[in-house]
Amino acid sequence: GIQVEQSPPDLILQEGANSTLRCNFSDSVNNLQWFHQNPWGQLINLFYIPSGTKQNGRLSATTVATERYSLLYISSSQTTDSGVYFCAVGAPNTDKLIFGTGTRLQVFP
Amino acid sequence: DAGVTQSPTHLIKTRGQHVTLRCSPISGHKSVSWYQQVLGQGPQFIFQYYEKEERGRGNFPDRFSARQFPNYSSELNVNALLLGDSALYLCASSLAYVYEQYFGPGTRLTVT
């Protein structure tokens with residue numbers, strides 16, 4: 001099956017810093033989503049981005065499907081950005097999302 | 001518009017018991033998927049239902065079963081609970097097959 005790897009596993013930042021999270025996947029995918037999981041477990045949709053580039057405020061994402069990776073950029077980080085960021089991909093002809101192991105982000109004031 | 005809702009929020013059961021978890025999708029969404037997330041890991045796919053038919057099943061034992069109702073809500077049933085079934089159970093809905101998925105707040109199940 002498709003393997004999804006995220007890096008780095010842990011990231012500690014001071015408020016105001018920028019960061020880049022990476023997601024590598026091992027095969028062609030029909031779906032790629034980025035989520036932020038808050039301390040209460042809620043998965044919050046950040047981007048639906050099987051290919052291309054999108055921006056939403058301080059966040060942006062780029063997926064290069066032909067090279068099998070996606071990047072999530074967080075600019076001017078805030079303490080509320082803390083939590084776990086997951087990349088999830090969907091294999092062709094399925095609706096199953098395969099999640100990576102996540103990046104745990106901690107932002108300190 | 002209301003998001004995906006799940007009930008109950010928390011649940012404590014004893015080994016060997018049975019549990020039913022419920023999920024209501026976003027209005028207009030016809031696909032519901034279930035995921036299990038154990039502490040420290042990413043969610044793992046259990047089932048997907050679209051238009052009341054099972055469209056996908058993950059690598060889980062037959063103790064896990066699910067169904068989707070005519071109003072597109074769904075139930076996940078787990079029989080003969082084991083300690084290892086303790087996890088956060090997440091429900092996701094999407095408009096149709098292979099669309100963006102939206103997750104509910106989850107049901108946290110503890111098996112003692």
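Above this text is the structure in question.
Just so you know, these numbers come straight off a predicted model, no measurement behind them.

Procedures and definitions
Residues numbered from 1 in each chain as written. Chains lettered and ligands numbered in written order. Predicted model: local features only at pLDDT ≥ 70, side-chain atom pairs only at ≥ 80, totals over all residues. Heavy atoms only, no water. Helix = DSSP H or I, 4+ residues; strand = E, 2+ residues; numbered from the N terminus. Rg over C-alpha atoms; globule rule 2.2 N^0.38 Å. Buried < 20%, exposed > 50% of the residue type's maximum accessible area, 1.4 Å probe, protein only. Contact = heavy atoms within 4.5 Å. Areas by Shrake-Rupley, 256 points an atom, 1.4 Å probe, with all protein chains shown as cover. Lys, Arg positive; Asp, Glu negative; His and termini not counted. Charge placed at Lys NZ, Arg CZ, Asp CG, Glu CD. Salt bridge = Lys/Arg side-chain N within 4 Å of Asp/Glu carboxyl O. Polar contact = N/O pair within 3.5 Å; in protein donor to acceptor, adjacent residues only side chain to side chain. Phe/Tyr/Trp six-rings, centres within 6.5 Å; stacked < 30°, edge-to-face > 60°. Pairing = 2+ DSSP bridges.

Let us now look at the overall build of chain B. Secondary structure summary: chain B contains zero helices and 11 strands in total. Secondary structure elements of chain B, listed N to C terminal, follow the sequence β-β-β-β-β-β-β-β-β-β-β. Radius of gyration (C-alpha) of chain B: 13 Å, near the 13 Å computed for a compact globule of 112 residues. Across its three principal axes, chain B shows a C-alpha extent of roughly 40 × 25 × 25 Å. Going through the 112 residues of chain B one by one, you find that 51% of them count as buried. For chain B, long-range pairs separated by at least 24 residues make up 52% of all intrachain contacts whose partners lie at least 6 apart in sequence. Per element, the accessible surface of chain B, about 5,400 Å² overall, is 49% carbon and sulfur. When the 10 positive and 8 negative side-chain charges of chain B are each reduced to one mean point, those points stand 7 Å apart.

Residue and element names in this part refer to chain B. Per the stated rule, a full pass over the model turns up eight salt bridges over all chains. As a salt-bridge pair, R22 and E75 come within 3.5 Å of each other at their nearest N and O atoms. Taken together, the residues R22 in strand β3 (residues 19-24) and E75 in strand β8 (residues 74-78) connect sequence positions 53 residues apart. Residue classification places R22 among the partly exposed residues on the basis of a relative accessible area of 42%. Look at E75 and you get buried, because its relative accessible area is 11%. For the salt bridge of E54 with R57, the shortest nitrogen-to-oxygen distance reads 3.3 Å.

This part takes up the environment of B:S94. With respect to the element layout, B:S94 can be found in strand β9 (residues 87-94). Distance from B:S94 to B:G56, taken between C-alpha atoms, is 14 Å for residues 38 residues apart in sequence. Beyond its immediate sequence surroundings of up to four residues, B:S94 is in contact with A:D95, B:H29, B:K30, B:S31, B:Y99, B:E100 and B:Q101. Of note is the side chain of B:S94, whose polar atom sits 3.0 Å from the backbone oxygen of B:A96.

Here the focus is the packing of aromatic side chains. Enumeration according to the criterion identifies nine aromatic pairs over all chains in this entry. Aromatic pair A:F99 and B:Y35: ring centres 5.8 Å apart, planes at 80°, arrangement edge-to-face. Of this pair, A:F99 sits in strand β10 (residues 97-99) while B:Y35 sits in strand β4 (residues 31-37), each in a different chain. For the pair A:F99 and B:Y35, one class covers both residues: buried. Ring centres of B:Y35 and B:F45 lie 5.7 Å apart, and the angle between their planes is 70°; on these two criteria the pair is classed as edge-to-face. With B:Y35 in strand β4 and B:F45 in strand β5 (residues 44-50), this pair connects stretches of sequence that are 10 residues apart. Here B:Y35 falls in the buried class, since its relative accessible area comes to 0%. According to the relative accessible area criterion, B:F45 is buried, its value standing at 6%. Here the aromatic residues A:F35, A:F86, A:F99, B:Y35, B:F45 and B:F103 are joined through ring pairs into a cluster of three or more.

Attention now goes to the pairing of strand β11 (residues 107-111) of chain B. Residues and elements named next belong to chain B. Side chains T107, L109 and V111 of β11 all project onto a buried face; the interleaved residues R108 and T110 project onto a face where none is buried. Strand direction decides the pairing type here: strand β2 (residues 10-13) and β11, joined by four bridges, are parallel. The residue bridging K13 from the neighbouring strand is V111, located in β11. Of the strand pairs in this sheet, β9 and β11 are connected by three bridges, and their pairing is antiparallel. Looking at the pairing, A87 lines up with L109 of β11.

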